[in-house]
Amino acid sequence: MMALESSHAHLIDRLVKPRGRLTADAPLGAQTWFRTGGPAEILFRPADAEDLAAFLKALPADVPVTVLGVGSNLLVRDGGIKGVVIRLMRGFTGIAVEGTEVVAGAGALDLNVALTARDHSLAGLEFLSGIPGTIGGAFPTNAGAYGSELVDVLISAEAVDRKGAIRTVTPAELGLSYRHSKAPEDWIFTSARLRATPGDQVTIAQRIAEIDSARAETQPRSRTGGSTFANPPNLKAWELIDRADCRGLRIGDAQVSEKHCNFLINLGDATAADIESLGEEVRSRVFKQSDVLLQWEIRRLGKKK
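Here's a quick rundown of the structure. Predicted, not measured: the structure shown is a model, and the values here were computed from it. (Residues numbered from 1 in each chain as written. Predicted model: local features only at pLDDT ≥ 70, side-chain atom pairs only at ≥ 80, totals over all residues. Heavy atoms only, no water.)

Before going further, it helps to examine the side chain of arginine 215. Mapping arginine 215 onto the fold places it in helix H5 (residues 201–218). Those residues in contact with arginine 215 that lie beyond four places of it in its chain are Ser129, Gly130, Pro132, Tyr146 and Arg221. (Helix = DSSP H or I, 4+ residues; strand = E, 2+ residues; numbered from the N terminus. Contact = heavy atoms within 4.5 Å.)

Examined against the element boundaries, aspartate 200 turns out to sit in the loop between strand S14 (197–198) and H5. For aspartate 200, a relative accessible area of 45% gives the class partly exposed. It is 9.6 Å that separates the C-alpha atoms of aspartate 200 and histidine 120, two residues lying 80 residues apart in sequence. Separated by 2.9 Å, the side chains of aspartate 200 and threonine 203 make a polar contact. (Buried < 20%, exposed > 50% of the residue type's maximum accessible area, 1.4 Å probe, protein only. Polar contact = N/O pair within 3.5 Å; in protein donor to acceptor, adjacent residues only side chain to side chain.)

Let us now look at the pairing of strand S5 (residues 81–87). The element S5 is extensively covered by neighbouring structure, given that six of its seven residues are classed as buried. In terms of strand pairing, strand S2 (residues 39–45) meets S5 through four bridges, oriented parallel. In the sheet register, isoleucine 42 faces S5, and the bridge partner there is valine 84. Pairing of strand S3 (residues 65–68) with S5 involves four bridges; the strand directions are parallel. Across the sheet, the residue bridging to valine 67 is isoleucine 86, located in S5. (Pairing = 2+ DSSP bridges.)

Moving on, we come to the sheet that holds S2. With mixed pairing, the four strands of this open sheet are ordered in space as S1-S2-S5-S3. In this open sheet, the two strands that pair with only one neighbour each are strand S1 (21–27) and S3. The average angle at which neighbouring strand axes cross in this sheet is 30 degrees, direction not considered. Pairing analysis gives six bridges linking S1 to S2, with the strands arranged antiparallel. If you follow threonine 23 over to S2, its bridge partner there is leucine 43. (Axes fitted to C-alpha atoms, helices over the stretch in contact; angles between N-to-C directions.)

What follows is the structure, given as structure tokens:
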């Protein structure tokens, strides 16, 4: 595969070799839930938080950094992502229970955190089973579902800043609110300490099963990035989209889901440009019909072709 930009030396030649894995011109499309998009100039999988901190400390200041979780609420544009894309995988997926608190690595799936809490008869984290992503991915948008959100259960978090400093922060310092965080954009969250309460394991398991059933009944399980637009104050995005007659709307192989119209799906061969264009068309139609400008909840990263 060709580099994003032709030059005599590749970016990888400027970087200090970490303990983790560095890959040049790494395909990203298959690593996202939409299954489309361009490559990363460099893909870095750090071994642990210390490896990440040392790498960032040595990284030239002019090199942009992007963090990629499991690629659930994400669209990578067809031109790919310049600089270094970081994925927190092995070394960041651990989950530990300490009394009534759960400590989870940023790479741990939200579902697995909920199931671990269930296995220890700890309640209050069931809502995480309804969020398609990782604990680290929950921070930029204060992710939530089924009546709860990250800020409701977060005790503290660890993050590494762009200069390689490791920080421990509280929810108040992060300024978490509905689908928003005031944390610096260059912080990379590596773990979270979550609050739970003792509960009945059967009741907890039933709640997780209810959430899974609700998702299966109302949300597509195909190639989708999850909820596309944030709900405006006192309104529901899907209702606005439905009212604007966008259900089933298509551009190329990108389609507004018939099952839940706040979800965009890739029917097979959609490009990132198709998906983004469809989202913008939905925003335009909703604005004309309801005078409400929907805000993207899915992160769109990289450059267009």
